[in-house]
Amino acid sequence: MFSKFTSILQHAVEALAPSLPLQEDFVYHWKAITHYYIETSDDKAPVTDTNIPSHLEQMLDILTQEEAEHESGETGPCMEYLLHHKILETLYTLGKADCPPGMKQQVLNFYTKLLAHIRQPLLPHINVHRPVQKLIRLCGEVLAAPTENEEIQFLCIVCAKLKQDPYLVNFFLENKLKRPDTLPPGGAQGGKDNALSPDTGQAQTPEKTEEPQAAAAASSSPTKNNNNSSNYNLVTSLLNLTKSPDGRIVVKACEGLMLLVSLPEPAAAKCLTESTELCELLTDRLVSFYKALPQSMDPLDIETVESVNWGLDVYNLKEDAAVFTGKRALISFLSWLDYCDQLIKEAQKSAATVMAKAVREHFFVAVMEPQLMQTSEVGILTSTALLNRIIRQVSSEALMQEMVYFLLGEEKDPETTATIAQNPLRHRLIEHCDHLSDEISIMTLRLFEQLIQKPNQHILHNLVLRGLEERNYLENKPQDEREPLENGQPHDAVDLEEDPLFGDDLSPESRLSGSDWLSTSPPMSPDHSKSEGKTEVHKIVNSFLCLVPDEAKSSYHVEGTGYDTYLRDAHRQFKDYCGVCLRWDWRGHPKPLEKCNLELPFFEGHFLKVLFDRMGRILDQPYDVNLQVTAVLSKLSLLPHPHLHEYLLDPYINLAPGCRSLFSVIVRVVGDLMLRIQRIPDFTPKLLLVRKRLLGLEPEGLNIDHMTLLEGVIVLEEFCKELAAIAFVKYHATAASSP
């Protein structure tokens, strides 16, 4: 009570007294603080019972007012006094001793407000960055300390200042080997002011701002020459605060780390990854969150849980448990994964690579791989669904690259039947696309569908393109020995009439623009001139549309299920793919045959082999499996790579003996279908009924014989229409981009 009365009386006296020059006023307040320590014997009374907080506040106000009155960049006499009398050093000593109790909190507040409110650069001054560095070391020392909130505010303002002027970070990389007696001659003055010297608060010889280049060189050169030779205390303190039980403190600490990893200084990036435990924090927490997940989870729950942004996962334990068991644990895992991903995305390039490799080694390889390689079907299903969600969420280039190498390996040479098991995890995942469990097959196919849509060239090269590089799926015969073509078709091919859908009156919104993203579109076959291009695309489109015999077609009986419904989706998806593929070194034209090694035995690759095998069984597989197989194949068909386009979408290529293409696989299925139709009475009416049930136009009724076959026929018809639309869209994209 007495201290409050004294404070009020002091303010009243100050209000009545004539205003002093700012410097005198500033010195008065500082002297009042130092006199307290000289005159007071009771050092157990809390600082809030003294006038110290008020004096510190007044000093800050004076410094802010002084800066406003001076020209920009000019240091006023009060600031000069603060720097030359090492006031920050003295305050650090008082804060470290926490004398009187609560003084550490006051000192942290003073430092934070000083750095936040003063616009001129203070950190380059040795009498600022040195005590700031010392105060940083005090932060995070004690878990759940009463000063945690002030500590994190102080650390975050330092991070923000470094983000504004990244070169300043070199002042905060401490050389572990540095000793006063080993300092260079030019550093002798600095040696007097090291951490071991007393904080007297007495006037010293005026100190100048350190030259940034010299300071940077002095701080960064040891880190370039010696591993683990520097301390990065700012990172260490933030890492300690990420362990706080207070979620708000954890989020602020993570934000501070996000700012620090993005600094472009190479010395800081090296110190960050080699001399701190940042990588361990990322991976250890990721592993612990993953291991906290239930052993068995519904894949649909994993797939549909709301998207998670780190730091924003507000939750209610009771509500989450009511939705599904493990939701809270799943959100915590996905939230931390998002943080790791964003941190790596923001990080300086070399630091990002190191952190991504750490996640691959300590999380993907050490934890996820055994889960994916297990034999328990429940375990395989859960871990595959989680991996699918991880693939969907990861967006940083470095982490995606490491994840892809983990899943597929780094091999780039063409596969052979002898080498498909070279990478055990890749081999197992592809085999799971054809698993005895339909659930596992569908989930793994979804995983690969997600994977091939990622903007990463190695995925597509590793899975499909490396087997098509030499075009050795084509027949290796001299031109004069090949069967003669009639209008671009083998002489025994069916002459298909043009589809009236392909008029020149396409609506403007369905026509593709000839912008740059079309430059990677597959060109027209060199065997046909541009004037014959329209005829050629009609024949290709009709080849797919007419594959399914009329008695096995049911879409024309139902409104809104025509081929044209696929055009808009194909147009949009192809445009998206081309935008991604522009940055890759894909040729616009197929590799000339004379430069291809056609003698090399052709192997489509493990992935395409499994897809073609499943496509070949479309009439005997469950409906959901067929939908997923065709979804993956249509995504591959949309890719603007000339060899993939030729192999998947050209019905008229001359295949080498023993080779198969997507078209040839479908032809075999149709041949089998023709035989089966003859043995099923009322085939077409049953087919139409099944289609209407699938569309919800007919209620579920009595079981229909041959349901799997009928559903397979419907998927086959729709897939052929989709391939026709893709071929048409690709042709028009090429025509629009051709000069």
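Residues numbered from 1 in each chain as written. Predicted model: local features only at pLDDT ≥ 70, side-chain atom pairs only at ≥ 80, totals over all residues. Heavy atoms only, no water.

Per its UniProt entry, the protein bears the Sequence similarities (unreviewed entry) comment "Belongs to the FHIP family." (UniProt positions renumbered as here; feature names shortened; annotations may be inferred.)

Turning next to the overall build of the protein. Helices and strands together make up the secondary structure of the protein, namely 31 helices and four strands. Each of the 739 residues in the protein was classed as buried or not, and the buried ones make up 53%. Long-range contacts, defined here as pairs at least 24 residues apart, represent 80% of the contacts in the protein between residues at least 6 apart. Accessible area for the protein stands at about 34700 Å²; split by element, carbon and sulfur atoms hold 52% of it. (Helix = DSSP H or I, 4+ residues; strand = E, 2+ residues; numbered from the N terminus. Buried < 20%, exposed > 50% of the residue type's maximum accessible area, 1.4 Å probe, protein only. Contact = heavy atoms within 4.5 Å. Areas by Shrake-Rupley, 256 points an atom, 1.4 Å probe, with all protein chains shown as cover.)

Tallied over the entire structure, the rule returns 28 salt bridges. The salt bridge involving R471 is made with E646; its shortest N-O contact spans 2.6 Å. Of this pair, R471 sits in the loop between α23 (457-463) and β3 (485-486) while E646 sits in helix α28 (residues 642-649), and the two are 175 residues apart along the sequence. Residue classification places R471 among the buried positions, given a relative accessible area of 9%. Classification of E646 by relative accessible area gives buried; the value is 10%. Salt bridges here are not isolated pairs; linked through shared partners, they connect K357, R360, E402 and E410. (Salt bridge = Lys/Arg side-chain N within 4 Å of Asp/Glu carboxyl O.)

Counting buried residues in helix α26 (residues 606-616) gives eight out of 11 residues, a clear majority hidden from the surface. H606, F607, L608, V610, L611, F612, R614 and M615 are the residues of α26 that are buried.

Formed by 217 residues in total, the largest nonpolar core has its most connected members in F154, Y232, F363 and L636. Broken down by element, the residue count for this core peaks at 17 residues, all from helix α31 (residues 707-737). Leaving out residues up to four positions away in the same chain, L636 has contacts with I452, L460, V464, F607, L608, L611, L644 and L648. (Core = buried A, V, L, I, M, F, W, Y, C linked by side-chain atoms within 4.5 Å.)

Let's shift gears to the environment of R587. Residue position: R587 is located in the loop between α25 (565-581) and α26. It is 9.5 Å that separates the C-alpha atoms of R587 and H643, two residues lying 56 residues apart in sequence.

Right, let's get into a negative patch on the surface. Together, D298, E377, D438, E439 and D624 give the surface a local cluster of negative charge. Mapping D438 onto the fold places it in helix α22 (residues 438-452). (Patch = residues over 30% accessible without salt bridge, like charges linked within 9 Å, V, L, I, M, F, W, Y side chains within 5 Å. Lys, Arg positive; Asp, Glu negative; His and termini not counted. Charge placed at Lys NZ, Arg CZ, Asp CG, Glu CD.)

What follows is about empty space enclosed by the protein. Counted according to the given criterion, the structure contains five cavities of 30 Å³ or more. For the largest cavity, the calculated volume is near 50 Å³. Looking at the lining of the largest cavity, the elements with two or more residues in it are α15 (299-304), α19 (377-393) and α22. The element best represented in the lining of the largest cavity is α19, accounting for four residues. Residue composition of the lining of the largest cavity, grouped by class: four nonpolar, two polar and three charged. (1 Å grid on protein atoms, 1.4 Å probe; cavity = no way out; pocket = protein on both sides within 12 Å on 5 of 7 lines; lining within 4 Å. Points joined across faces, edges and corners; volume = space filled by probe spheres on them. Nonpolar A, V, L, I, M, F, W, Y, C, P; charged D, E, K, R; others polar.)

As a further point, take the confidence of the model for the protein. Predicted coordinates in areas of low pLDDT are best not read in detail. With 79% of its residues at a pLDDT of at least 70, the protein reaches an overall mean of 83. For the stretch residues 1-6, pLDDT sits under 50, and the model shows three contacts to residues farther than four places along the chain or on other chains. A low-confidence stretch, residues 12-18 (pLDDT under 50), is modelled with two contacts involving residues beyond four sequence positions or located in other chains. (pLDDT = per-residue confidence, 0-100.)

Moving on: helix α6 (residues 103-117). Counted at 1.5 Å a residue, the expected span for α6 with its 15 residues is 21 Å, and the 21 Å between its end C-alpha atoms agrees. Listed as buried for α6 are M103, K104, Q106, V107, L108, F110, Y111, T112, L114 and L115. Tucked into the core, α6 has its buried residues touching α2 (22-39), α3 (52-69), α4 (77-84), α5 (87-97), α7 (126-138) and α8 (148-164). (Expected span 1.5 Å × (residues − 1).)

Looking now at the environment of H706. Structurally, H706 is set in the loop between α30 (683-694) and α31. Residue classification places H706 among the partly exposed positions, given a relative accessible area of 41%.

Looking now at the side chain of T384. You can see T384 is positioned in helix α19. The exposure class of T384 is buried, given its relative accessible area of 2%. From its side chain, T384 meets the backbone oxygen of I380 in a polar contact 2.6 Å long. (Polar contact = N/O pair within 3.5 Å; in protein donor to acceptor, adjacent residues only side chain to side chain.)

Each pair of aromatic rings is reported with the distance of its centres and the angle of its planes. A complete count under the given rule lists 17 aromatic pairs for this structure. A centroid spacing of 5.5 Å and a plane angle of 80° characterise the contact between Y290 and F363, whose relative ring orientation is edge-to-face. Of the two residues, Y290 sits in helix α14 (residues 278-291) while F363 sits in helix α18 (residues 349-373), which places them 73 residues apart along the sequence. In terms of burial, Y290 and F363 fall into one category: buried. Through a chain of ring-to-ring contacts, the aromatic side chains of Y290, F333, F363, F364 and F406 assemble into a single cluster. Residue placement shows R285 over the ring face of W336; its charged tip is 4.9 Å from the ring centre. (Phe/Tyr/Trp six-rings, centres within 6.5 Å; stacked < 30°, edge-to-face > 60°. Lys NZ or Arg CZ within 6 Å of the ring centre and 35° of its normal.)

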